[in-house]
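# Working through the structure, step by step
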Amino acid sequence: DPLVKTDRLKKHYPVRWSFFGRAIVHVKAVDGISLTVNRGETLSVVGESGCGKSTLGRCILNLEEPTDGIVYFEGRNLQAYRRAKMRQMRRHMQMIFQDPYASLNPRKKVSRIVGDVFDIHDILSKPERQQRVQERHSNRCSGTDGNRIGSSTSPMSAIIDLTPSNDKHSGQ
């Protein structure tokens, strides 16, 4: 079984409504994406800013409900899960943001940022959490450490990496 699979995944946002309140114009952020990622494989989603990379990641993680299509994780349809079960499933999935420092609170120490995830998901006892955080991180970070901090909170089965394009036409 594939680790992650999407089948004709779509996410459309209504932007204009008729007089009767019906959406008549949509922005197609994700439009019919089918992909398969097997365990041990890496898939990079690269594109211009605003092309739907983050929306695709949020739909895969079921943080946003797709307009259409199906997302499977380890052969299971994620849209079929209720909120509590989906929270358990997210222990095995993670999204790395384009700018990891934008998702890190500069007022918190790295040990607290990493420790918060263990607390939220009730992973390990408090002494085990403290030991794990101390083994993995100091309280300072540089260069590419932001991505490592963002992706080291627990043993993940799937990490969704969303990277902006370096294309000269992307405006970046």
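Since we're looking at a predicted model, the values are computed, not measured. (Residues numbered from 1 in each chain as written. Predicted model: local features only at pLDDT ≥ 70, side-chain atom pairs only at ≥ 80, totals over all residues. Heavy atoms only, no water.)

### With respect to unusual backbone geometry
Even without glycine at this site, Arg 8 takes up a positive phi of about 50°. Assignment of secondary structure puts Arg 8 in strand 1 (residues 4-17). For Arg 8, a relative accessible area of 54% translates into the label exposed. Positive phi is not limited to glycine here, since Asn 62 has a value of about 60°. (Helix = DSSP H or I, 4+ residues; strand = E, 2+ residues; numbered from the N terminus. Buried < 20%, exposed > 50% of the residue type's maximum accessible area, 1.4 Å probe, protein only.)

### A short note on the confidence of the model for the protein
Detailed reading of the predicted coordinates is not advisable wherever pLDDT is low. Of all residues in the protein, 69% have pLDDT values of 70 or greater, and the mean over the chain is 75. For the protein, helix 5 (residues 145-151) is the element with the lowest average pLDDT, namely 48, and strand 4 (residues 68-73) is the one with the highest, namely 94. Low pLDDT, under 50, characterises residues 165-172; the stretch is placed with nine contacts to residues that sit more than four places away or in other chains. (pLDDT = per-residue confidence, 0-100. Contact = heavy atoms within 4.5 Å.)

### Focus: the pairing of strand 4
Pairing geometry for strand 1 and strand 4, over five bridges, is antiparallel. Of the residues in strand 4, the one forming a bridge with Lys 5 is Tyr 72. In the sheet, strand 4 pairs with strand 5 (residues 76-77) via two bridges, with the strands oriented antiparallel. By the bridge assignment, Tyr 72 is partnered in strand 5 with Asn 77. Counted along the chain from strand 4 to the antiparallel partner strand 5, the turn is two residues long, and its residue Glu 74 has a positive phi close to 50°. (Pairing = 2+ DSSP bridges.)

### Structural notes on the pairing of strand 2 (residues 23-37)
Here 11 bridges tie strand 1 to strand 2, and the two strands are oriented antiparallel to one another. Within strand 2, the residue paired with Tyr 13 across the bridge is Val 27. Linking strand 1 back to strand 2 in an antiparallel pair, the connection comprises five residues, with Gly 21 at a positive phi of about 85°.

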